[in-house]
Amino acid sequence: MAPSTPRARAALAAATAALLLVTGTAACGQDAPQETPTVAAPAPTATPAPPEPAPADEGEPLVTAAPDEHSEVGALVAGFPTDLLPVPPDAVVLVTSAVPVGDAEVQEVSLNLRTAAAVQDVVALYRGALTEAGFTEVPPSALATTDLAAEVTFVRSGGDELVSIGVVDDGSARTVTVGGRVRTPA
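Residues numbered from 1 in each chain as written. Predicted model: local features only at pLDDT ≥ 70, side-chain atom pairs only at ≥ 80, totals over all residues. Heavy atoms only, no water.

1. Focus: the side chain of glutamate 161
Counted only if it meets this: Counting from the N terminus, the helices are DSSP H or I runs at least four residues long and the strands are E runs at least two residues long. Each polar contact in these results corresponds to two N or O atoms within 3.5 Å; when the atoms are within protein, one needs to be able to donate a hydrogen and the other to accept it, and residues that are neighboring in sequence are counted only if both atoms are side-chain atoms. Contacts: residue pairs with any heavy atoms within 4.5 Å of one another.
Tracing the sequence through the fold places glutamate 161 in strand 6 (residues 161-169). Side chain to side chain, glutamate 161 and serine 157 meet in a polar contact 2.5 Å long. Engagement of the side chain of glutamate 161 in a polar contact is seen with the backbone nitrogen of arginine 183, the distance being 2.7 Å. Leave out the neighbours within four places in its chain, and glutamate 161 touches Phe135, Phe154, Val155, Arg156, Arg181, Val182 and Arg183.

2. A short note on the environment of serine 172
Quick reminder of the rule: With a 1.4 Å probe rolled over the protein chains alone, any residue whose accessible area is under 20% of its type maximum counts as buried; one over 50% counts as exposed, and the rest are partly exposed.
By the secondary structure assignment, serine 172 is in the loop between strand 6 and strand 7 (174-183). On the basis of relative accessibility, which here comes to 58%, the residue serine 172 falls in the exposed class. Spatially, the C-alpha atoms of serine 172 and alanine 117 are 9.7 Å apart, while their sequence positions differ by 55 residues.

3. Re the pairing of strand 7
Selection rule: The pairing criterion is simple: DSSP has to find at least two bridges between the two strands.
Side chains Arg174, Val176, Val178, Gly180 and Val182 of strand 7 all project onto a buried face; the interleaved residues Thr175, Thr177, Gly179, Arg181 and Arg183 project onto a face where none is buried. Pairing of strand 3 (residues 106-115) with strand 7 involves ten bridges; the strand directions are antiparallel. Looking across to strand 7, one finds that serine 110 is bridged to glycine 179. Relative to strand 7, strand 6 runs antiparallel, the two being bridged by eight bridges. By the bridge assignment for strand 7, serine 164 is matched with glycine 179.

4. What about the pattern of salt bridges?
Two side chains bearing opposite charge may form a pair once their charged atoms approach each other closely. How we decide: When a carboxyl oxygen of Asp or Glu is within 4 Å of a side-chain nitrogen of Lys or Arg, the pair counts as a salt bridge.
Inspection of the entire model under this criterion finds six salt bridges. Between arginine 114 and aspartate 170 there is a salt bridge, with the nearest N and O atoms lying 3.1 Å from each other. On the criterion of sequence distance, the pair formed by arginine 114 in strand 3 and aspartate 170 in the loop between strand 6 and strand 7 is long-range, its members being 56 residues apart. According to the relative accessible area criterion, arginine 114 is partly exposed, its value standing at 27%. For arginine 156, the salt bridge is made with glutamate 161, and the minimal N-O distance between the two is 2.8 Å.

5. Digging into helix 2 (residues 119-132)
The following threshold applies: Helix span is expected to be 1.5 Å times the residue number reduced by one.
Between the first and last C-alpha of helix 2 there are 20 Å, a value that for 14 residues agrees with the 20 Å anticipated at 1.5 Å per step. Where helix 2 is buried, its residues meet strand 3, strand 5 (150-156), strand 6 and strand 7. Backbone geometry just after helix 2 places glycine 134 at a positive phi near 95 degrees.

Here is the structure:
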């Protein structure tokens, strides 16, 4: 019978790992001469297995709590610059953050979302908003290889402001990650 709680599964995984470690060590040392080590090795510690995510059909989010006041799970965090980084109309916001950087009217921002919009439409949305705000698109490196469906970077203020956008296309939806450092409105 399989354990039914995450704690029981973690305990079973830890016990199994310890048993494998002990039996593997004993089997490896059968033919080798026994030597007493001069430095004692630390005792192995079992790392509990992370809880299994809820099945997608249960509708529970994978991330359940905001880490701090500058982040928000499932919504836009207060102060997020949607004028520079708009959210597609059909998007499901996964996580956002807008973290002030010291006293310098700058914030580090990130946005993760899912959308049914086509890859080229997602890129066009951000390209339009950012170039209208004075950002310049950085040409992609010929040496860069990526598994992303799209990856674009924009700079402004002599490179002091930078925004990168990555899009993963799984065929049915796009996962978009936007991140960077931008000046906050005065």
